[in-house]
Amino acid sequence: MFDKKVGSLPYDLELCYHWWLISDRTKAVFEGLDSEAFVFVPCSVRMPHGIYDEPKYWLCDVVRVLDALDESQSRLRIGIRNDVRYIDHGQKYYDLSVGDKLVFREEAIGNAHIFRMAYHDAGIICDQDLKDACKSAGLKRINFRDVLKL
């Protein structure tokens with residue numbers, strides 16, 4: 001539900017729980033660069049007064065997961081999940097914090113432009129090509145952090 005009286009329309013990418021709410025423009029960039037990395041679900045947009053006839057919005061998720069971290073070259077905490085409240089109980093996990101350094105194996109990444117990190121579901125990694133494509137398209141509110149400078 002969008003209400004322009006209360007605020008503006010969403011930007012090109014907004015965090016929506018565990019997924020992203022993205023604009024049609026963002027979807028076009030993502031699909032054009034690496035379509036196999038994403039799934040998209042169209043959103044039904046309504047307004048309290050009137051009809052919404054502007055560009056579509058989508059829920060988006062990065063579904064490609066790669067075990068590409070070079071653990072021997074990286075600096076981070078690696079643990080075994082011992083909390084039964086987690087779905088990955090008993091499995092390896094990465095605990096990232098300020099000052100960590102991530103190094104990835106290029107052969108494990110291949111031609112992928114974006115992926116989720118195995119053992120750290122929230123970790124979404126992209127390359128410079130995806131960052132440049134977002135900038136070239138003029139997309140708003142898509143933030144990037146250098147994994148070498150966490």
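What comes next is a walk through the structure. All values derive from a computational prediction rather than experimental measurement. (Residues numbered from 1 in each chain as written. Predicted model: local features only at pLDDT ≥ 70, side-chain atom pairs only at ≥ 80, totals over all residues. Heavy atoms only, no water.)

1. Remarks on the overall build of the protein
- Regarding its fold elements, the protein presents 3 helices and 9 strands.
- Put simply, the protein runs from its N terminus to its C terminus through helices and strands in the order β-β-α-β-β-β-β-β-α-β-β-α.
- The buried share of the protein, reckoned over its 150 residues, is 37%.
- Sequence-distant contacts in the protein: of pairs separated by 6 or more residues, those separated by 24 or more amount to 61%.
- Carbon together with sulfur atoms contributes 51% to the accessible area of the protein, which is approximately 9,900 Å² in total. (Helix = DSSP H or I, 4+ residues; strand = E, 2+ residues; numbered from the N terminus. Buried < 20%, exposed > 50% of the residue type's maximum accessible area, 1.4 Å probe, protein only. Contact = heavy atoms within 4.5 Å. Areas by Shrake-Rupley, 256 points an atom, 1.4 Å probe, with all protein chains shown as cover.)

2. Re the sheet that holds strand 9 (residues 120–126)
- Strand order across the open sheet formed by 3 strands is 5-8-9, with mixed pairing between neighbours. Only two strands of the sheet have a single neighbouring strand rather than two, namely strand 5 (65–66) and strand 9.
- Where strand 8 (residues 114–117) lies against strand 9, 4 bridges are found, and the strand directions are antiparallel. Along strand 9, the bridge assignment pairs R116 with I124. (Pairing = 2+ DSSP bridges.)

3. A word on the pattern of salt bridges
- Taken as a whole, this structure holds 10 salt bridges when the rule is applied.
- With a closest N to O distance of 2.7 Å, R25 and D12 form a salt bridge. With R25 in helix 1 (residues 24–34) and D12 in the segment before strand 1 (13–16), the pair connects residues that are 13 residues apart, well separated along the chain.
- Exposure remark for D12: the relative accessible area of 7% places this residue in the buried category. (Salt bridge = Lys/Arg side-chain N within 4 Å of Asp/Glu carboxyl O.)

4. Brief notes about helix 1
- Regarding helix 1, the residues found buried are T26, K27, V29, F30 and D34. Summarising the axial view, the buried residues of helix 1 lie within an arc of 165°, below the 170-degree limit, and thus occupy one face.
- Elements in contact with the buried residues of helix 1: strand 1, strand 2 (19–23), strand 3 (38–42), strand 4 (57–62), strand 8 and helix 3 (128–136). (Arc of directions from axis to C-beta.)

5. Some thoughts on the sheet that holds strand 2
- If you walk across this open sheet you meet the 4 strands as 1-2-4-3, and the pairing is antiparallel. Since the sheet does not close on itself, it has two edges, and those belong to strand 1 and strand 3, each with one partner. Here the strands of the sheet are splayed against their neighbours by 30° on average, with no regard to which way each runs.
- Packing against the sheet, helix 1 makes contact with strand 1, strand 2, strand 3 and strand 4, and its axis sits at approximately 105° to strand 2. (Axes fitted to C-alpha atoms, helices over the stretch in contact; angles between N-to-C directions.)

6. Observations concerning unusual backbone geometry
- Phi is positive for Y17, close to 60°, though the residue is something other than glycine.
- Among the structural elements, Y17 can be located in the loop between strand 1 and strand 2.
- On the accessibility criterion, Y17 (76% relative accessible area) is exposed.
- For R141, which is not glycine, the phi dihedral falls at a positive 65°.

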